[in-house]
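Listed below, chain by chain, are the residues.
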Amino acid sequence: MSARRSSTTCALALCAERVFLPLCALRGPPSPNPFYGHARQICRAGHWTTTQQWMQQFGNNLLCRWLLMIPCLWTADPQVIRHVLHSSNYAKPWEARISAARVIGESVLVAQGEKHQGQNPAFGAAQIKELVHIFLDKSAQLRDLWADEIAAQGGSARLDALDGLKKMTLDVIGLAGFDYHLEALNATGKPNELNQAFYRIFLAVPRLSIYRIFVDYLPFLDFFPNKRTKAVEDAHVVMRRIGLQLIEDKKAAIKRELADKTGTIDKKHLPGKDLLTLLIKANMATNIPDNQRLSDEEVLARTFLVAGHETTSIAAAWFLFALTQNRRVQEKLREELLAVETESPTMDELNALPYLDCVLREMMRLYAPVTLTLRTAKENDVIPTSEPFVDRYGKLQHEIRIAKGNRVMISIFELHHSKAIWGDDALEFRPERWENPPEELSNIPGVWGHMLTFSAGTHACIGYRFSLGELKALMFTLLRAFEFELPVDPKDITTIGMFTQKPALRTELSKGGQMPLVIRPYVRA
């Protein structure tokens, strides 16, 4: 009788699990921690070795545990990813949005629903073309700084390329974003208040902590803020004060130049080409729906894209790393760039360089700056899979049931390294693959290049054209001037961060992100 009761209890427990925790039907690795689940494993330097082993063992869809043991679908399945990113049922979870919002406000990086979709047309192709001169000017300034380093070190220089690239991309955000000289590349000038505020925000990423997430959600309970929290709060105050003053100045200038007798402003006329001016003008126009009109705080958040400069500089660092590991590619690309007869090409001229485009795409595939994106289900759902799979009960399944509140972790890294999509040489840096890309790419959703580098769906990165244009201008300038080598063992290069792939040295993890390179002037034969 007791055996029958035990069997009945087990059956009821199994049914309850399938109803209320359907993701638990998936196979997956055991959780190492009852509070953090697998989250801290995912945060470790070079954690991709672990996650690749997971997918080799359990397939493209597996169960892992998020913070507080919340069931999480870890996926690199194109069909699942398409479903999630194009469905209104999935949003960024509160723990991701709250942590970001405390630093940058409710920006395009954390906004949901209509606020993210009604974003005013300041990031279109035509607008980015008008900014190429800023990309080129700041690239040239970085080139000249590195040339000075070469002269000081006697013919070649060892330097941290990531540091210079971060300063360059921050300066670009200042000028192109809100017409403000941050002077990050000015080594001899007086420290800039806003530049220092941005710098403090990204100085050090704290270790993943449930306590920090908790007080981010309920900041009034943060009775003992740590040093970084205080620095970020102080930086946010500076950013808000200067930013709102910039907005007031821009609005006044626009009204002086374009206000007619009735005080109305037409969307077609616009003084200035920085994104802040474009956003303000579009926001002040009388011919836009009210649900697309932004408050000054929202305009500020959409212009102060502080995270944008970080990911672009990371991408540029990996670009140069890839060229050090592929001498033939570096030489072939330089040859194409040197064939351009001007040092100030237009955006159209840069986009017309086929090998530059191939190399950029391959770098964004193999070394995507953002490697994970997280979503949560707003309601119960059933997700179709690309291929059938066997669940933990030994049954063949063609779909995944997911409950409200479950997380979905989309592995951009695994998708971009999939041999099933890219072939047996998926882990090799081979730009020529883009001359005849595989047909399987059509299954990958993405706002650019059939890749998830800039995500997809309603939360795709609206600044992707900005980033691509900046990277092309930067590589055009640097490759024409320098040769690049890696001064350390390539095996010493690793990654740090959970959602971003910041380069670092295994032997110097305490120093944070860096990309040491040896550069020397390129001399034409």
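The structure reproduced in this document is the subject of the present report. Fair warning: this is a prediction, and the values are worked out from it, not measured in the lab.

Criteria and cut-off values
- Residues numbered from 1 in each chain as written.
- Predicted model: local features only at pLDDT ≥ 70, side-chain atom pairs only at ≥ 80, totals over all residues.
- Heavy atoms only, no water.
- Buried < 20%, exposed > 50% of the residue type's maximum accessible area, 1.4 Å probe, protein only.
- Helix = DSSP H or I, 4+ residues; strand = E, 2+ residues; numbered from the N terminus.
- Arc of directions from axis to C-beta.
- Polar contact = N/O pair within 3.5 Å; in protein donor to acceptor, adjacent residues only side chain to side chain.
- Core = buried A, V, L, I, M, F, W, Y, C linked by side-chain atoms within 4.5 Å.
- Contact = heavy atoms within 4.5 Å.
- Pairing = 2+ DSSP bridges.
- Axes fitted to C-alpha atoms, helices over the stretch in contact; angles between N-to-C directions.

## Thoughts on helix α3 (residues 48-58)
Restricting attention to buried positions, one finds in α3 the residues Trp 48, Thr 51, Trp 54, Met 55 and Phe 58. On an axial view of α3, the arc spanned by its buried residues comes to 115°, and they lie on one face. Every exposed residue of α3 that faces more than 90 degrees away from the buried side is listed here: Gln 56 and Gln 57. Where α3 terminates, the next one or two residues include Gly 59, which has phi positive at roughly 95°.

## Thoughts on the side chain of Thr 453
Its location among the elements puts Thr 453 in the loop between α20 (419-422) and α21 (464-481). Of the residues examined, Thr 453 reaches a relative accessible area of 8% and is grouped as buried. A distance of 3.1 Å separates a polar side-chain atom of Thr 453 from the backbone oxygen of Met 364.

## Notes on the nonpolar core
Counting 121 residues, the largest nonpolar core has Trp 146, Leu 165 and Met 364 as the members making the most contacts within it. If we skip the residues at most four places from it in the chain, Trp 146 touches Leu 159, Ala 161, Leu 165, Leu 320, Leu 478, Phe 482, Phe 484 and Ile 519. Tyr 36, Ala 39, Trp 74 and Leu 372 belong to the second-largest nonpolar core, a separate cluster that totals 19 residues.

## Comments concerning the sheet that holds strand β1 (residues 61-65)
Strand order in the open sheet formed by five strands is β1-β2-β8-β5-β3, and the pairing between neighbours is mixed. Of all the strands in the sheet, the pair left with one neighbour each is β1 and β3 (90-91). With five bridges connecting them, strand β5 (residues 372-377) and strand β8 (residues 407-411) associate as antiparallel partners. Each bridged residue has a counterpart across the sheet, and for Leu 374 the counterpart in β8 is Met 409. Strands in contact with helix α4 (residues 78-85) are β1, β2 (71-75), β3, β5 and β8; relative to β8, the strand with the most contacts, it is inclined by about 125°.

## Considering the environment of Gln 501
Along the chain, Gln 501 turns up in the loop between β10 (493-496) and β11 (502-505). Residue Gln 501 is classed as buried on the basis of its relative accessible area, which comes to 4%. Linking Gln 501 and Leu 372, residues 129 residues apart in sequence, is a C-alpha distance of 9.3 Å.

## Digging into the sheet that holds strand β4 (residues 157-160)
What the three strands build is an open sheet, ordered β4-β12-β9; its pairing is antiparallel. The sheet is open, and its two borders are formed by β4 and β9 (482-485), each paired with just one other strand. With strand direction ignored, the average angle separating the axes of adjacent strands in the sheet is 35°. Bridge count between β9 and strand β12 (residues 516-521): four bridges; the pairing is antiparallel. Across the sheet, Phe 482 pairs through a bridge with Pro 521, a residue of β12. Relative to β4, helix α8 (residues 132-153) is tilted by about 135°, and along the sheet it contacts β4, β9 and β12. Across the sheet, α21 touches β9 and β12, and the angle it forms with β9 is around 90°.

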